[in-house]
Amino acid sequence: MGIEDYGGGQSQSDVLVVTTNDVPGYKVDRVIGEVFGLTVRSRHIGSQIGAGLKSLVGGELKGLTKTLVETRNQAMERLIEQARARGANAVLMFRFDVTEAADVGTEVCAYGTAVVISPRP
């Protein structure tokens, strides 16, 4: 497995997503409001067994790591889709929230503030 299997973040998109309150060189023209992308994933039995065995000897649970990366990326894609649908070209103060969902999976919510930005003159 290469590094691309364990990374995430934004691919090329017409909606800029940042964790900061503003974007250097840009001004906020309009605040649209909160947007989020949500997904819940269950763990498959193979990765659960592998994780159980790995926990006996220690080390990274690579199967679960890869699943969580994929889950976070899907939540982020949904956030971008919602922001775009509401007319935003940026999401400020982007965050993830990760929780257990009824002991059967992991809930990942990507959220932030959808805005319209433009370059400062």
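This report concerns the structure included in the present document. Quick caveat: nothing in here was measured; it's all calculated off a predicted structure.

Rules used throughout
- Residues numbered from 1 in each chain as written.
- Predicted model: local features only at pLDDT ≥ 70, side-chain atom pairs only at ≥ 80, totals over all residues.
- Heavy atoms only, no water.
- Core = buried A, V, L, I, M, F, W, Y, C linked by side-chain atoms within 4.5 Å.
- Buried < 20%, exposed > 50% of the residue type's maximum accessible area, 1.4 Å probe, protein only.
- Helix = DSSP H or I, 4+ residues; strand = E, 2+ residues; numbered from the N terminus.
- Contact = heavy atoms within 4.5 Å.
- Pairing = 2+ DSSP bridges.
- Axes fitted to C-alpha atoms, helices over the stretch in contact; angles between N-to-C directions.
- Expected span 1.5 Å × (residues − 1).
- Salt bridge = Lys/Arg side-chain N within 4 Å of Asp/Glu carboxyl O.

## Points about the nonpolar core
Step number 1: V17, L79, A83 and V91 are the most contacted members of the largest nonpolar core, which has 16 residues in total.
Step number 2: Broken down by secondary-structure element, the contributors of at least two residues to this core are β2 (26-42), α2 (62-85), β3 (90-101) and β4 (105-119).
Step number 3: Here this core gets five residues from one element, more than from any other, and that element is α2.
Step number 4: Beyond its immediate chain neighbours, meaning those up to four positions away, V91 contacts V15, L16, V17, V18, V35, L79, A83, G112, T113 and A114.
Step number 5: Residues V23, A90, L92 and V115 belong to the second largest nonpolar core, which totals six residues.

## Examining the pairing of β4
Step number 1: For β4, a buried count of 11 out of 15 residues is recorded, marking the element as mostly surrounded by other parts of the structure.
Step number 2: Examined bridge by bridge, β2 and β4 share 15 bridges and lie antiparallel to one another. Bridge pairing links G37 to A110 in β4.
Step number 3: Sheet topology places β3 next to β4; 10 bridges connect them, and they run antiparallel. Paired with V98 across the strands is V108, a residue of β4.
Step number 4: Linkage of β3 to β4, two consecutive antiparallel strands, is achieved through a turn of three residues, within which A102 is found at a positive phi near 50°.

## Description of the sheet that holds β3
Step number 1: Across the sheet, four strands lie side by side as β1-β3-β4-β2; this open sheet has mixed pairing. On the outer flanks of this sheet lie β1 (16-17) and β2, each paired with one strand and no other.
Step number 2: Taken strand by strand, α2 contacts β1, β2, β3 and β4, and its axis lies near 140° from that of β2.

## A short note on α2
Step number 1: With 24 residues, α2 should reach 34 Å at 1.5 Å per residue; the first-to-last C-alpha distance of 35 Å fits that figure.
Step number 2: For α2, the set of buried residues is V69, T71, A75, M76, L79, I80 and A83.
Step number 3: Where α2 is buried, its residues contact β1, β2, β3 and β4.
Step number 4: Positive phi shows up at G87, right after α2, with a value of about 95°.

## As for the pattern of salt bridges
Step number 1: Scanning the entire structure with this criterion turns up three salt bridges.
Step number 2: With a closest N to O distance of 2.8 Å, R84 and D14 form a salt bridge. Of this pair, R84 sits in helix α2 while D14 sits in the segment before β1, and the two are 70 residues apart along the sequence.
Step number 3: Residue R41 is joined to E70 by a salt bridge in which the shortest nitrogen-to-oxygen separation is 4.0 Å.

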